[in-house]
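Chain and residue survey
The chain contents come next:
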Amino acid sequence: QVQLVESGGGLVQAGGSLRLSCAASGITFRTYVMGWFRQAPGKEREFVAGISWSGYNTYGADSVKGRFTISRDNAKNTVYLQMNSLRPEDTAVYYCAADPFISVQAMGTQRPRYWGQGTQVTVSS
């Protein structure tokens, strides 16, 4: 059974930082492309960032470039999202996703196979 479990969300003031984690089980983690998505109230789910199985290739949405960094630790079956300079518009439920076939760039337009339950991030002004 595939499980993706996010953690690290919470309430932070604008300009602050958070690091999200996603622990994976039930998959051969090192062969999966991993990604982060988010969904704000009343809006569609949107792509945030993706990382290749090796960790060498990453791709992020324009809205988070220079502020968010995705990384992974294949020894720990975990992917991270370091979020700096947070803004109120970053408030959303953040979801981890995994897929064995989608490329990092394609994660922005194709729906990954596996999803976590999400973790809430709230940025106050």
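Everything discussed here concerns the structure shown above.
Residues numbered from 1 in each chain as written. Predicted model: local features only at pLDDT ≥ 70, side-chain atom pairs only at ≥ 80, totals over all residues. Heavy atoms only, no water.

As for the sheet that holds strand β7 (residues 68-73)
The antiparallel open sheet is built from four strands, whose spatial order is β1-β3-β8-β7. Every other strand in the sheet has two partners, leaving β1 (3-7) and β7 as the edge strands with one partner each. Each adjacent strand pair in this sheet contributes to an overall mean axis angle of 15°, direction not counted. Looking at chain direction, strand β3 (residues 18-25) and strand β8 (residues 78-83) are connected through six bridges and run antiparallel. Opposite R19, over in β8, you have Q82 as the bridge partner. (Pairing = 2+ DSSP bridges. Helix = DSSP H or I, 4+ residues; strand = E, 2+ residues; numbered from the N terminus. Axes fitted to C-alpha atoms, helices over the stretch in contact; angles between N-to-C directions.)

Some details on the side chain of D90
Position of D90 relative to the elements: it lies in the loop between β8 and β9 (92-99). Residue D90 is classed as buried on the basis of its relative accessible area, which comes to 1%. (Buried < 20%, exposed > 50% of the residue type's maximum accessible area, 1.4 Å probe, protein only.)

Looking at the environment of L81
Mapped onto the secondary structure, L81 falls in strand β8. Along the primary structure L81 and A49 are separated by 32 residues, whereas in three dimensions their C-alpha atoms are 8.3 Å apart. Beyond its immediate sequence surroundings of up to four residues, L81 is in contact with L18, R19, L20, W36, V48, A49, F68, T69, I70 and Y94. (Contact = heavy atoms within 4.5 Å.)

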